[in-house]
Amino acid sequence: MTSILYIGGTGTISAACVRRSVARGHAVTVLNRGTARRPLPDEVEVVEADVRDSGAVQEALGGREFDVVAEFLAFTPDHVAADLELFEGRTGQYVFISSASAYEKPPRRVPVTESTPLRNPFWQYSRDKIACEDLLVAAHRERALPVTIVRPSHTYDERLLPTLGGWTDIARMREGRPVIVHGDGTTQWTITHSDDFAVAFTGLLGNPAAIGDAFTITGTHAPTWNQIYGWLAEAAGVAEPDLVHVASDTIAAFAPDLGPTLVGDKAHSMVFDTSKVTALVPEFRTTITFDEGARRILAHYDAHPEQQRVNAERDALFDRIAAHASTAG
């Protein structure tokens, strides 16, 4: 039985990984602040501490050791450095969740592989993840830190809408109002359900062949953005959504907060070669494509109307962008 400490454990990706780890019979401990975003299996041990407070984490865990530490909440080198102070020498594998957005943008070649350079001049989030990786790779080279780096791309579950406006887009569709789609909607976007991701991820845990290496974990499903919005509309019962295509740079000019995630990631066709991870985890494959994923998302939100939150600021922004597009066209 493998002992696994999940730092986080209730997010979009980590919750699915926790469930699969439990199903595989592992001893799972989750460390977070006690504010569960998603329910945990009864078999999970929950340890409450703020991961940003190293003293509190040390007190909560004492001298415990784990076969695996899976870190889902480290976003800057300072976070990783604190982890190394806490866990180096106390785990047989430290798994860092990086991001496929760290791969060069725009990509010179697709499919993207693990040997694709890490360079994203558009998005600070991605640059921070690269800096985290640099710190871990150096620790592995200098003192054999047992690290595994994982790079997910866009991973979702029934609670996470992948569009610019989230539920606001669904509300606009159902009201017959224009919905903004970046670019012309024809770029391919790899989108992976968290249950599929968890198969590959848990297959790397405790696997000695994964030590000292990095793995892209995405499915092989890469629909266009028009398909993604179209499937959501179909699941929402909207036969003819009013999709307004707007250049990513234009959207970024209206909403600078959206610019990095578009120009630095979603504006490009991102297709990945996942043969490296499937060589170690041959059972990993895409089982949930987004036509099914969209149905699951809408079923969840329609069953939980209290979660159907329209972002008034984003809603007004989309009206301004749509008005601009109509005059520019």
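Residues numbered from 1 in each chain as written. Predicted model: local features only at pLDDT ≥ 70, side-chain atom pairs only at ≥ 80, totals over all residues. Heavy atoms only, no water.

Draft legend 1. The arrangement of helix α5 (residues 167-174) in detail. Counted residue by residue, α5 has seven buried out of eight residues, so it is predominantly covered. Within α5 the residues assigned to the buried category are Trp 167, Thr 168, Asp 169, Ile 170, Ala 171, Arg 172 and Met 173. Those residues of α5 that are buried lie in contact with β8 (179-182), α7 (225-235), β11 (243-246), α11 (290-303) and α12 (312-328). Positive phi appears at Gly 176, one or two residues downstream of α5, with a value of about 75°. (Buried < 20%, exposed > 50% of the residue type's maximum accessible area, 1.4 Å probe, protein only. Helix = DSSP H or I, 4+ residues; strand = E, 2+ residues; numbered from the N terminus. Contact = heavy atoms within 4.5 Å.)

Draft legend 2. Main features of the nonpolar core. Leu 164, Ile 170, Ile 180, Leu 232, Ile 251 and Phe 290 are the most contacted members of the largest nonpolar core, which totals 40 residues. Only α5, β8, α7, β11, α11 and α12 provide two or more residues apiece to this core. In this structure, Val 30, Phe 197, Ala 198 and Leu 205 belong to the second largest nonpolar core, which totals 29 residues. (Core = buried A, V, L, I, M, F, W, Y, C linked by side-chain atoms within 4.5 Å.)

Draft legend 3. Inspection of the pattern of salt bridges at higher detail. The final tally for this structure, using the stated rule, is 17 salt bridges. A salt bridge links Arg 19 to Asp 195; its shortest N-O distance comes to 3.0 Å. Linking Arg 19 in helix α1 (residues 12-23) with Asp 195 in helix α6 (residues 194-204), this pair joins segments that are 176 residues apart in sequence. Looking at Asp 195, the relative accessible area reads 31%, which means it is partly exposed. Between Glu 292 and Arg 296 there is a salt bridge, with the nearest N and O atoms lying 3.0 Å from each other. Of this pair, Glu 292 and Arg 296 both sit in helix α11, four residues apart, which is roughly one turn of the helix. (Salt bridge = Lys/Arg side-chain N within 4 Å of Asp/Glu carboxyl O.)

Draft legend 4. Representation of the pairing of β8. Neither face of β8 is open: one carries Val 179 and Val 181, the other Ile 180 and His 182, and all of them are buried. By the bridge criterion, four bridges tie β8 to β11 in an arrangement that is parallel. Bridge pairing links Ile 180 to Val 244 in β11. (Pairing = 2+ DSSP bridges.)

Draft legend 5. Seen up close, the sheet that holds strand β3 (residues 45-48). Overall, parallel pairing links the seven strands, which are arranged β3-β2-β1-β4-β5-β6-β10 in an open sheet. Both edges of this open sheet fall to β3 and β10 (213-217), since each of them pairs with a single strand only. The mean angle between the axes of side-by-side strands here comes to 20°, regardless of whether they run parallel or antiparallel. Of the pairings in the sheet, the one linking strand β4 (residues 68-71) to strand β5 (residues 94-97) comprises three bridges and is parallel in character. Residue Val 69 lies in a different strand from β5, and its bridge partner there is Tyr 94. (Axes fitted to C-alpha atoms, helices over the stretch in contact; angles between N-to-C directions.)

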